[in-house]
There are 2 protein chains.
Amino acid sequence: MSLIVQKFGGSSVADAEGIKRVARRVVDTQAAGHRVVVVVSAMGDSTDELLDLAGQVSATSDAREMDMLLSAGERISMALLAMAIHGIGASAQSFTGSQAGMITDAIHGKARIIDVSPHRILTAIEKGDIAIVAGFQGMSRESNDITTLGRGGSDTTAVALAAALDADVCEIYTDVDGVYTADPRVVPSAQKIDTISSEEMLEMAASGAKILHLRCVEYARRFGVPLHVRSSFSHNEGTWVLPSPDDQIKIQEGEPLEQPIISGVAHDRSEAKVTVVGVPDIPGKAAEIFGIVAGANTNIDMIVQNVSTHGSGRTDISFTLPIVDGAEALAALGEAQDRVGFEAVEYNEKIGKLSLIGAGMRSNPGVSYRFFRALSDAGVNIDMISTSEIRISVVTGADLLDDAVRAVHAAFELDGDATATVYAGTGR
Amino acid sequence: MSLIVQKFGGSSVADAEGIKRVARRVVDTQAAGHRVVVVVSAMGDSTDELLDLAGQVSATSDAREMDMLLSAGERISMALLAMAIHGIGASAQSFTGSQAGMITDAIHGKARIIDVSPHRILTAIEKGDIAIVAGFQGMSRESNDITTLGRGGSDTTAVALAAALDADVCEIYTDVDGVYTADPRVVPSAQKIDTISSEEMLEMAASGAKILHLRCVEYARRFGVPLHVRSSFSHNEGTWVLPSPDDQIKIQEGEPLEQPIISGVAHDRSEAKVTVVGVPDIPGKAAEIFGIVAGANTNIDMIVQNVSTHGSGRTDISFTLPIVDGAEALAALGEAQDRVGFEAVEYNEKIGKLSLIGAGMRSNPGVSYRFFRALSDAGVNIDMISTSEIRISVVTGADLLDDAVRAVHAAFELDGDATATVYAGTGR
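This one's a predicted model, so the numbers in the text were calculated from it and none came from an experiment.

Engineer: So what exactly am I meant to see when it comes to the overall build of chain A here?
Structural biologist: Within chain A, the secondary structure is distributed over 12 helices and 20 strands. Relative to its length of 428 residues, chain A is compact, with a C-alpha radius of gyration of 24 Å against a globular reference of 22 Å. Along the longest, intermediate and shortest principal axes, the C-alpha atoms of chain A span 80 × 55 × 35 Å. Taking all 428 residues of chain A together, the buried fraction comes to 57%. Of the contacts made within chain A by residues no fewer than 6 positions apart, 75% connect residues no fewer than 24 positions apart. On chain A, roughly 17,200 Å² of surface is accessible, and the fraction owed to carbon and sulfur atoms is 52%. Positive and negative side-chain charges of chain A, numbering 35 and 57 respectively, have mean locations separated by a distance of 3 Å.

Pasting the structure below:
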């Protein structure tokens, strides 16, 4: 008898109607002969309302109390979902993060799961109940306090539970049909992807695709949990994210299609470019600079070091980082300028990153030619380039990013005939 | 260094402003040199909103899930209060019922406290923090589930904590200045009572005074916890409810006033009168009838058995019970009519109960004369009478109840000059 973990985001349980719709869906899944564990987020924008109240009572914020406050949101939605399930004649029990055995470290606001011991969940589903678990929250064994997992927390809860329960699949319900070959807001002809390897999905998420959080995909890949990203508003098959190539092939079996060379095109507007100008071209200087930036806890993404310009003995080093980390990084660099001996720092937020992702490019040498050809035909200037085995990323001017995405998407024949439903956020 | 438990009801923490006002008050108390433990209810009508949502998602209700749902309310208010306290520079930690060691039985919706082990509360206040505890909720050791204590739950939480921590006083903050000699809505000249014995307060609560719940007063009396009922909107002294006569005297010391004969007049419109007509006047019939009613889980209050009417060999038995239990009791009686052999059942909800309470009446024989004199002067017909050592209660027609209350209040010279602030409910 298979075990399915289903995660529903805030937009799926935004009101009584949504909760009843989810209840019906969960009960149908059980009626189809599965054991079901459900993970829910807080209702709609209730989290924002709590944050707003917190802002009203105090200017300063306390991480422990904030977790106590926010964790109330899932308790409300899960209890209501359990009631709605009882209302249609099935049996269900809701469990808080700690009751579900989600043990985390004590870092409030962005706790990491260190252990999952879902004894009570198992007991509940063994006796035929539907188990409902509060997403996003856990308990620190060290402090016995309630913690929250931070962005994408409920997805992570679902995947962690699926791994601990050895579930057959973790279904992530959202408000779109699945993962698309590009953001349909930019490329209306983008197509839904039927299956993608978690390796590729990782690159997609890291490259700006927002439908799944990097952390949840990493977790699913590490523990070999198949993900099924689908819409809570339809019964269409969504996108399968499969941990190992073998699964990939398994799914492919019987299908005439060969695996596509390219999975999709992702883009990202959340990064800025920093150029450190006139760095003495002597060993160790680059390391010194990246040490300074890392010291400001910023994640550097792409890096380019220009060749030493006509024997000046100096060079320029460019890198990208999240815009939110920009100010801190600039301050750290400015403070270290004399010591390091560079001439100036340039900072530009008007950039965009475009990434082409596909496991197939490993074995298809023509990919990068076609990629750069498409960009130049579209008149897009390339500012930086970085590549992995299954990804090519470029930085362009922000104004040209959408054109670039459409050009590349078309060049790899990803365009479909249907127009995709427009993408929207998926709660936490 | 004294320890004070302060309980704030939903109306005191109804919004951000209220929470900040409570925070200021709590911090002032600590600044005055006390260790402070605060018990809070859910914000204003948030409980009703949750109940409304529950009604929307399901017609049936599940006690365990209802407790999970409602317990979220206090978690929100206590976390916000902790933040507000941090906001004004003091340190505080909030604790859920289970973190505070409120162990209950597993009867959801009206759980009873079976143990209080407030280790974490003690640790928090020892290190100088203000400890904030979620009222109304606990945890069942048996099922490890979240439970709620039912009506008056937060008051009970506060008193139970005060007892377990051996607090010097448990302050119950509400939206009136204290306990009054009568309901100011009926008797505008009612006066605030400065001190009252818990014995008398029990009679007041049992007789319809709504400011404190019977259960909380019982608990305070049993564990010798002094209560101070006062307003969260002023700094006036409220009403002290003192467990033992000695405390009573202690407080009286230095005061010229002798203890008043009468504490106050309470009234109750929530009961109905049942008369079982033509009961065979043979031993055991009364017991049989009360057995039937008790079987329908109703609490009988006053009982009157009329003398057997002119040798008919039959008698009438009248008793009062809560209106909410009326239907069930009538059904049980009707079903047993033939077996018991009575002639008919009369039911009347248009009654009111008036009670005069005062420990002083023990030693003052004149009280009942004065009481009945006042009622007859006011033209009030008396339907039933019951007395305890420190209480006289009568049942009258509902329409005359207010006049009766005013007449008795005046007859015992309880009227004051000032007009009392009007009484209102106090959250849970």
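Moving on from the coordinates now.
Engineer: Explanation requested: the side chain of B:Arg75 in the structure shown.
Structural biologist: The topology assignment puts B:Arg75 in helix 3 (residues 63-87). For the buried residue B:Arg75, which engages in no salt bridge, the nearest side chain bearing the opposite charge is B:Glu74, 6.9 Å off.

Engineer: Which parts of the structure should I look at to understand the interface of chain A and chain B?
Structural biologist: It is common to give the size of an interface as the accessible area that goes away when the parts come together. The interface is formed by 39 residues belonging to chain A together with 39 residues belonging to chain B. Together chain A and chain B conceal approximately 3,100 Å² of surface at their shared face, both sides included; 66% is due to carbon and sulfur atoms. For chain A, the biggest contributors to the area lost against chain B are A:Val57, A:Glu65 and A:Met83; these three give 21% of the whole. At the boundary of chain A and chain B, one finds 2 salt bridges. Two residues, B:Arg120 and A:Asp145, come together in a salt bridge whose shortest N-O distance is 2.6 Å. Between chain A and chain B we count 16 residue pairs in polar contact (both at pLDDT 80 or more) in total. Of all the secondary structure elements, the ones that give two or more residues to the side of chain A that touches chain B are helix 1 (16-31), helix 2 (46-57), helix 3 (63-87) and strand 3 (92-95) of chain A. For the side of chain A that touches chain B, the leading source of residues is helix 3 of chain A, giving 16 residues.

Engineer: How should the packing of aromatic side chains be read in this particular structure?
Structural biologist: Aromatic rings considered in pairs are described by the distance between their centres and by the relative angle of their planes. Overall, the coordinates contain 8 aromatic pairs over all chains when judged by the stated rule. Ring plane angle 75 degrees and centroid distance 5.1 Å describe the contact between A:Phe371 and A:Phe372, whose orientation is recorded as edge-to-face. For A:Phe372, a relative accessible area of 27% gives the class partly exposed. Positioned above the aromatic ring of B:Phe95, the side-chain terminus of A:Arg64 is 5.2 Å from the ring centre. The ring of B:Tyr219 carries the charged tip of B:Arg222 above its face, separated from the ring centre by 5.4 Å.

Engineer: When you look at the nonpolar core in this model, what are you seeing that I'm missing?
Structural biologist: One broad rule of soluble globular proteins: the nonpolar side chains tend to lie buried together. Counting 76 residues, the largest nonpolar core has A:Leu80, A:Ile85, A:Ile132, B:Leu80, B:Ile85 and B:Ile132 as its most contacted members. Not counting residues up to four positions away in its chain, the partners in contact with B:Ile85 are B:Ala23, B:Val26, B:Val27, B:Ala90, B:Ser91, B:Ala92, B:Ile130 and B:Ile132.

Engineer: What's the story with the sheet that holds strand 11 (residues 227-231) of chain A in this structure? I'm lost.
Structural biologist: Through backbone hydrogen bonds, the strands of a sheet pair up, either in parallel or in antiparallel fashion. All names here are of chain A. Strand order in the open sheet made by the 8 strands is 3-6-2-1-9-11-12-10, with mixed pairing throughout. The open sheet terminates on both sides in strands that have one partner only, identified here as strand 3 and strand 10 (195-197). Strand after strand, the sheet turns through a mean of 20 degrees between neighbouring axes, direction not considered. In terms of strand pairing, strand 1 (residues 3-8) meets strand 9 (residues 169-174) through 5 bridges, oriented parallel. Note on strand 9: the bridge partner recorded for Gln6 is Glu171. Along the sheet, helix 3 contacts strand 2 (35-40), strand 3 and strand 6 (130-134); its crossing angle with strand 6, the most-contacted strand, is approximately 165 degrees.

Engineer: Is there a simple way to think about the confidence of the model for chain A in this case?
Structural biologist: Reading fine detail from the predicted coordinates is not recommended where pLDDT is low. All names here are of chain A. The predicted model of chain A averages 89 in pLDDT, with 93% of residues at 70 or higher. Across residues 249-257 the pLDDT falls below 50, and counting only partners more than four positions away or on other chains, this stretch makes 5 contacts in the model. Interface confidence for the predicted complex, expressed as ipTM, amounts to 0.81; the pTM equals 0.83.

Engineer: I'm lost on the relation of the copies chain A and chain B in this one. Help?
Structural biologist: The transformation that overlays chain A on chain B combines an axial shift of 0.0 Å with a rotation of 180 degrees, and the residual RMSD is 0.1 Å. A rotation of that kind, with that shift, is consistent with a two-fold axis. The rotation axis passes nearest to the C-alpha of A:Ala72 in chain A, at a distance of 2.5 Å. Comparing interface residues between copies, 100% of those in chain A also lie at the interface in chain B; the contact surface is shared.

What counts and how
- Residues numbered from 1 in each chain as written.
- Chains lettered and ligands numbered in written order.
- Predicted model: local features only at pLDDT ≥ 70, side-chain atom pairs only at ≥ 80, totals over all residues.
- Heavy atoms only, no water.
- Helix = DSSP H or I, 4+ residues; strand = E, 2+ residues; numbered from the N terminus.
- Rg over C-alpha atoms; globule rule 2.2 N^0.38 Å.
- Buried < 20%, exposed > 50% of the residue type's maximum accessible area, 1.4 Å probe, protein only.
- Contact = heavy atoms within 4.5 Å.
- Areas by Shrake-Rupley, 256 points an atom, 1.4 Å probe, with all protein chains shown as cover.
- Lys, Arg positive; Asp, Glu negative; His and termini not counted.
- Charge placed at Lys NZ, Arg CZ, Asp CG, Glu CD.
- Salt bridge = Lys/Arg side-chain N within 4 Å of Asp/Glu carboxyl O.
- Buried area = accessible area lost by both parts, 1.4 Å probe.
- Polar contact = N/O pair within 3.5 Å; in protein donor to acceptor, adjacent residues only side chain to side chain.
- Phe/Tyr/Trp six-rings, centres within 6.5 Å; stacked < 30°, edge-to-face > 60°.
- Lys NZ or Arg CZ within 6 Å of the ring centre and 35° of its normal.
- Core = buried A, V, L, I, M, F, W, Y, C linked by side-chain atoms within 4.5 Å.
- Pairing = 2+ DSSP bridges.
- Axes fitted to C-alpha atoms, helices over the stretch in contact; angles between N-to-C directions.
- pLDDT = per-residue confidence, 0-100.
- Least-squares fit on C-alpha atoms with pLDDT ≥ 70 in both.

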